[in-house]
Amino acid sequence: MGHGPHGTAAVAAGAGGRSHRGGPPPHPAGRPARLARAALVCKPWCRVASEPGFRRRYRELHGAAPPHLLGVLCNLPAGARFVPTSSFRPPRAASGGGGWRALDARHGRVLLANLYCKSGPIGDALVVWDPVTGRRLGLPELPRHRETLQWSSWNAAVLCAAAACDHLDCRRGPFLVALVGASGRKVFGHVYSSEAAGWSQPTSRFGDFDLDGSVRSPLVGNAVYFKCAKTMRSIGLPRFKILKYDLCTGQMSVIDTLIRGRCENLPLVLMTTEDNNGGLGFAVVHNSRLEMWARETDPNQGMGWAQSKDIELGTLLPADALSTPPELVGFAEGGVLFARTVIGLFSIDVRSEQVRKIHGGSSILSVVPYMSFCFPVHLELSLQARDQKVALQVHEGLEANCLSSVILLLVSLC
């Protein structure tokens, strides 16, 4: 096999742009099958595509946008279920099946919690799962001491621990799990490090708060923000607050969500803002309107809340979905919210105001999105022993990391 045909190169260049270092041209992010076909044109192109740095260069080219939403983990009463929103399918049909619920997903990893650990994250309560490979890592038990023998409420988040990481290809690297829990009139914070293979000593602060473990928590800078509530005894309604857990110092502080009485008692979902800064925000549904608020600096009063967007859901959702007010049950980075209605689960892109129905059930408790840089192609290599020919079947579904290894095998067989 010699150099690639001019016709193929011209077609590929016209579709995706100029050739890259003498190899196959970059293709549109939504048409990755062209890259696989181009790599089979000739040995030089195949070698370029199998270089160790090719995968990173590809992701730098197509990774300016947020990671793709590959699916959502719907927490049902019996446990978490993976519902695909793309061609990606994890090796296992569900995230551990019944008995596990999804707490968080970030940087290619999913944090699962044992449903049967009612008194807190004790024993084998936490597992970090890689949906691409199916690999699971059970976390060790938290350090036990007298004040944390019984947890009244808790929540946790998972994140990459690599220094100065661009998160294009880090799911195999080190990670952290940040956990906060309430016991008595104190809130405790722990951090698990995969590099140290253990938990840090706890930090604590006084506070009578009920941490909401049903929703995931946004990461902004070096801090994770957990939703919590404190019951207002005078009216018997919850007053939502935010617990900031600084991962560098271990310090915890409380942020109020009160905005002139407007959002005091409305169920809210914490989120990162949809702009490129990715700051702290939250969203609420008031009647049929979706309101989004962002944490900003007020020149006169310091940090405060400013309304960033207001969307009329009546023009976006089907009429039968609004017979009762929708309830927000999750968020994804980049400005996507998930709303539970009487006819199913919908995703709402607050930038484009596009709505998509994801699931038809109404028993979803909360949603954790799984996002990753993934090619919507599955390169399945089958070696036919009878005639010793290689058949490359292009299907949909495998993560981008598999591309180079498959092409590298093709090089040795060419």
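Refer to the structure above for everything that follows.
Residues numbered from 1 in each chain as written. Predicted model: local features only at pLDDT ≥ 70, side-chain atom pairs only at ≥ 80, totals over all residues. Heavy atoms only, no water.

*Asks:* Would you take a moment to explain the packing of aromatic side chains for this structure?
*Replies:* If you walk through the whole model with that rule in mind, you get five aromatic pairs. Relative to F88, the ring of F82 lies with its centre 6.1 Å away and its plane at 75°, an arrangement referred to as edge-to-face. Seen in terms of ring centroids, F175 and Y192 are 6.0 Å apart; in terms of plane orientation they differ by 35°. Their pairing is tilted. On the criterion of sequence distance, the pair formed by F175 in strand β8 (residues 175-183) and Y192 in strand β9 (residues 186-193) is long-range, its members being 17 residues apart. On the basis of relative accessible area, Y192 is assigned to the buried category, the value being 4%. Aromatic rings pair up to connect F82, F88 and Y370 into one cluster. When the ring centre of W154 is taken as reference, the NZ or CZ atom of R101 above it lies at 5.7 Å. (Phe/Tyr/Trp six-rings, centres within 6.5 Å; stacked < 30°, edge-to-face > 60°. Helix = DSSP H or I, 4+ residues; strand = E, 2+ residues; numbered from the N terminus. Buried < 20%, exposed > 50% of the residue type's maximum accessible area, 1.4 Å probe, protein only. Lys NZ or Arg CZ within 6 Å of the ring centre and 35° of its normal.)

*Asks:* Would you mind going over the sheet that holds strand β22 (residues 336-341) with me for this structure?
*Replies:* Within a sheet, each strand pairs with its neighbour through backbone hydrogen bonds, oriented either parallel or antiparallel. Strand order in this open sheet of four strands is β21-β22-β23-β24, and the pairing throughout is antiparallel. In this open sheet, the two edge strands, each paired with only one partner strand, are β21 (327-332) and β24 (354-359). Across the sheet, the mean angle separating the axes of adjacent strands is 30° when strand polarity is ignored. With five bridges connecting them, β21 and β22 associate as antiparallel partners. By the bridge assignment for β22, E327 is matched with R340. (Pairing = 2+ DSSP bridges. Axes fitted to C-alpha atoms, helices over the stretch in contact; angles between N-to-C directions.)

*Asks:* Got a minute to help me understand the sheet that holds strand β25 (residues 366-372) in this structure?
*Replies:* A sheet is described by the order of its strands in space; here three strands give the open sequence β2-β1-β25, paired in antiparallel fashion. Two strands close off the open sheet at either side, each with one partner strand: β2 (79-84) and β25. This sheet shows a mean twist of 25° between the axes of neighbouring strands, independent of strand direction.

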